[in-house]
Amino acid sequence: MAATTLEPTAAVPLKRRKSVEDGGWGSPTTYFVALVVVALTLAPVAYIVLGGFRTNSQITTNPAAFPNPWKLDNYLEVLKSSTFWQQFFNSAIAALATTVGVVVLGVMASYVLARYHFRGRGAMFALFASGLMFPITVAITPLYLVIKDLGLLDNLLGVILPQIAFALPTTVIILVPFLRAIPREIEEAATVDGCSRLGFFGRMVIPLSLPGVLTVGILAFVGSWNSYLLPLFILNNQEHFTLTLGVQAFSSQYSTDTAKVLAFTSLSMIPALVFFSLFERRIVSGLGGAVKG
Amino acid sequence: MSDSQTENSLAQESSLENPSPAGGGAIVATPPAGGRPRRRGVSWRERLEITVLSGPAIIVFIGFVILPVILAAYYGFFRWKGYGRPTDFVGLHNYVVILQDPEFRAALEHNLYILVLSLIIQGPIAILLALLLNRKMRGRSIIRVLIFVPWVVSEVIAGTGFSLMLSTQGAINDLLRNVGLGHFTADWLSDPNIALWALMGILTWKYIGFAVILFMAGMQNIPEELSEAAAIDGAGYWQIQRRITLPLLGPTIRIWAFLSIIGALQLFDLVYIIWGQYVAGTAGVSTMVTYMVQYGRNAGNYGYGSAVAVVVFFISLIVALGYQRFVLRRDTEGALTDGGKK
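Residues numbered from 1 in each chain as written. Chains lettered and ligands numbered in written order. Predicted model: local features only at pLDDT ≥ 70, side-chain atom pairs only at ≥ 80, totals over all residues.

(A) Main features of the overall build of chain A. Within chain A, the regular secondary structure consists of 15 helices and 0 strands. Going through the 293 residues of chain A one by one, you find that 49% of them count as buried. Sequence-distant contacts in chain A: of pairs separated by 6 or more residues, those separated by 24 or more amount to 79%. (Helix = DSSP H or I, 4+ residues; strand = E, 2+ residues; numbered from the N terminus. Buried ≥ 20, exposed ≤ 12 C-beta atoms within 10 Å, placed from the backbone. Contact = placed C-beta atoms within 7 Å.)

Dropping the structure here:
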């Protein structure tokens, strides 16, 4: 990551001092409570992952137990099925396209809101902020009809475009403080050196706001990977399904084959988990920043 | 929306950025640097840049967010199956039917239960967990990651897992029998007396990590000098948390509560996945949005479904504006003076 971490708040030195790094031992009670919490948090995930290693008869006779013996068959079968991979790629395409769209459109609009002064700037900010009042659930019925009129039903584009649109409000709200925090002196220096505002945008703004951009991108990716309502309305054909719809279709299709359902389910959550663990710090600090600004 | 409201939200924004009290640190809030005009008026070149940069976002946003919302308001006045143009204008008939339908009222009631229970269950637990994870201990960062995992797992996966675990022949009942708590077994998902609590358990599991992360971020911004000073004056750990951390965490808690309230009113995925549209009603966990999907799109009544969406929106709007007016407003007036009353 770039060495320049630009926090949107002025409270950076305090943050550094306050944060207690790992190390030092707390009381045993603290550890006990923490352990219980972690166990409760992970139990359902463990149930899904471990269940995939069991057979149906194991699950029926002993619903809550470890795999004995461990079976790889369920996972292998899912990994060999073309349906899984088809839906995996659909999810990946939708998530990547949504992420790129959100980041590109979001940065451009936020830049205007943060650093241009013009009549209607307040109205524009209000327009995007009003989007927070319209979650996708409210608009979904007519949205379905708009997508239908555009001929994008049963098409990933019909999922991607609305996802970009609905992610814009949070994106703008997270990015504007970031972009505003870039010191005016840098811009003035760039202007003196003959850099236009657009040039400044490309050369300075994008690199300096990278932390905010990453946060927004990750939120968009995970949000798209996990989205359910919109694909449910837009996609009808199994081969266009994203993994979330796939999991549900699979679990109703093979409702008697619990072990295989669990294997399918746990494989489908891996990408989001990997993505999350790679960028965990960004997500966490980004969410903190989002609430503060 | 008017400009004054924007200014209000911007003011609020900057006050939220600096929850630290005046005497807490030597840091002075930098005023928002953005967009101070160096000369009057906007040149055509700037206009072009503004248009090129913000145009695409505005078009996509209006096309896929604002337009559908306006269409929902329009379609809501028609009896319409979604073919051709809506012609069968029925005025407020759809709204009368919705508000008189006992099923919708039941769904609204469930939403309100979920809203209140989410706040009183998740709020305190999340604050305690955040306090816990803010203490010196080994493995703190890994715990912080793990506690956040459910938030990343999709609703579909959580729903599939929990519906298998909580089924009558599922893992939870089996586990209870194995540890000798056999008489606590229950039809977690189908018993109307229990299903709502099962849902609350799942919601807490899924969303508590988000609250914890927010609260931890808020706590990190509280200057340590305050607790140190209080400790020197003889305050105990819990006293410090009650008198210093909690009041100073006020703005973060209020923002979280706002997000939680909106989420509770719009709840759909988990209920629809675990219970499905028909069982949700009988198990007593149907929500306004599951009602909307069931009687709107799934029944092919797009006019009616749009009207339900409008009702859901207005209920959310009223709650949100009320919250903004009576709760969030304190944050614009000064977050510190009144925190102790909470």
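Don't stop here, the text continues.
(B) Molecular detail of the overall build of chain B. When you go through chain B residue by residue, the secondary structure sums to 15 helices and 2 strands. In chain B, which comprises 342 residues, the proportion classed as buried is 42%.

(C) Spotlight on the nonpolar core. If you look at the biggest cluster of nonpolar residues, it comprises 175 residues, and the most contacted ones within it are Leu168 of chain A together with Ala130, Val212, Phe215, Val271 and Val308 of chain B. Looking at this core, the element that brings in the most residues is helix H8 (residues 156–180) of chain A, giving 16 residues. In this view, phenylalanine 215 of chain B contacts Ala126, Ile127, Ala130, Leu249 and Thr252 of chain B; residues no more than four positions away in its chain are not counted. (Core = buried A, V, L, I, M, F, W, Y, C linked by C-beta atoms within 7 Å.)

(D) Geometry of the packing of helix H5 (residues 82–115) of chain A against helix H2 (residues 44–75) of chain B. Following both chains from N to C, one finds H5 of chain A and H2 of chain B inclined at 125°, their axes separated by 8 Å at the closest point. As far as their axial angle goes, H2 of chain B and H5 of chain A are oblique. In the packing of H5 of chain A onto H2 of chain B, the handedness of the crossing is left-handed. Residues Leu105, Gly106, Met108, Ala109, Tyr111 and Val112 of chain A of H5 of chain A form the contact with H2 of chain B, whose own contacting residues are Ile50, Leu53, Ser54, Pro56, Ala57 and Val60 of chain B. Considered class by class, the residues forming the contact of H5 of chain A with H2 of chain B number 10 nonpolar, 2 polar and no charged. (Axes fitted to C-alpha atoms, helices over the stretch in contact; angles between N-to-C directions. Parallel < 35°, antiparallel > 145°, perpendicular 65-115°, else oblique. Left-handed = near helix turned anticlockwise from the far one by under 90°. Nonpolar A, V, L, I, M, F, W, Y, C, P; charged D, E, K, R; others polar.)

(E) Spotlight on the packing of helix H4 (residues 102–133) of chain B against helix H9 (residues 192–220) of chain B. Residue and element names in this part refer to chain B. Relative orientation of the contacting elements H4 and H9 amounts to 45°, with a least axis distance of 7 Å. Our classification of the angle between H4 and H9 gives oblique. Two packed elements cross with a definite hand, and for H4 against H9 that hand is right-handed. Residues His110, Tyr113, Leu117, Ser118, Ile121, Gln122, Ile125, Ala126, Ile127, Leu129, Ala130 and Leu133 of H4 form the contact with H9, whose own contacting residues are Leu196, Met200, Leu203, Thr204, Tyr207, Ile208, Ala211, Val212, Phe215, Met216 and Met219. The class makeup of the residues in the contact of H4 with H9 is 19 nonpolar, 4 polar and no charged.

(F) The confidence of the model for chain A, seen in detail. This prediction gives chain A a mean pLDDT of 78; 87% of its residues lie at or above 70. Ranking the helices and strands of chain A by mean pLDDT puts helix H12 (residues 229–234) of chain A first, with 89, and helix H1 (residues 12–18) of chain A last, with 41. (pLDDT = per-residue confidence, 0-100.)

(G) Main features of helix H5 (residues 140–147) of chain B. Among all positions in H5 of chain B, only Arg140, Ile143 and Ile147 of chain B are buried. An end-on view of H5 of chain B places all buried positions within 60° of arc, on one side of the element. Residues of H5 of chain B that are buried make contact with helix H2 (28–51) of chain A together with H4 and H9 of chain B. (Arc of directions from axis to C-beta.)

(H) Summary view of the confidence of the model for chain B. All names here are of chain B. Overall, the predicted model of chain B reaches an average pLDDT of 77, with 83% of residues at or above 70. Within chain B, the lowest mean pLDDT, 40, falls on helix H1 (residues 3–17), and the highest, 90, falls on H4. Confidence drops under a pLDDT of 50 for residues 1–40, and excluding neighbours within four residues, the segment shows 64 contacts in the predicted structure. Within the model, pLDDT remains below 50 along residues 334–342, and this stretch shows 13 contacts once partners closer than five positions in the same chain are excluded. Both scores are available for the predicted complex, with the pTM at 0.78 and the ipTM at 0.79.

(I) Summary view of the environment of glutamate 185 of chain A. Mapping glutamate 185 of chain A onto the fold places it in helix H9 (residues 184–192). Separated by 41 residues in sequence, glutamate 185 of chain A and asparagine 226 of chain A have C-alpha atoms that sit 41 Å apart.

(J) Representation of unusual backbone geometry within the structure. With a phi angle near 60°, aspartate 154 of chain A is a residue other than glycine that sits in the positive phi range. Here aspartate 154 of chain A lies in the loop between helix H7 (136–149) and H8.

(K) Region of interest: the environment of serine 251 of chain A. Its location among the elements puts serine 251 of chain A in helix H13 (residues 243–253). As for serine 251 of chain A and leucine 132 of chain A, which are separated by 119 residues in sequence, their C-alpha atoms are 33 Å apart.

(L) Quick look at H2 of chain B. Counted at 1.5 Å a residue, the expected span for H2 of chain B with its 32 residues is 46 Å, but the 40 Å between its end C-alpha atoms falls short. Its axis deflected by about 45° at serine 54 of chain B, H2 of chain B carries its strongest bend there, up to four residues before the proline proline 56 of chain B. (Expected span 1.5 Å × (residues − 1). Bend = angle between axes of the 7 residues up to and from the residue.)

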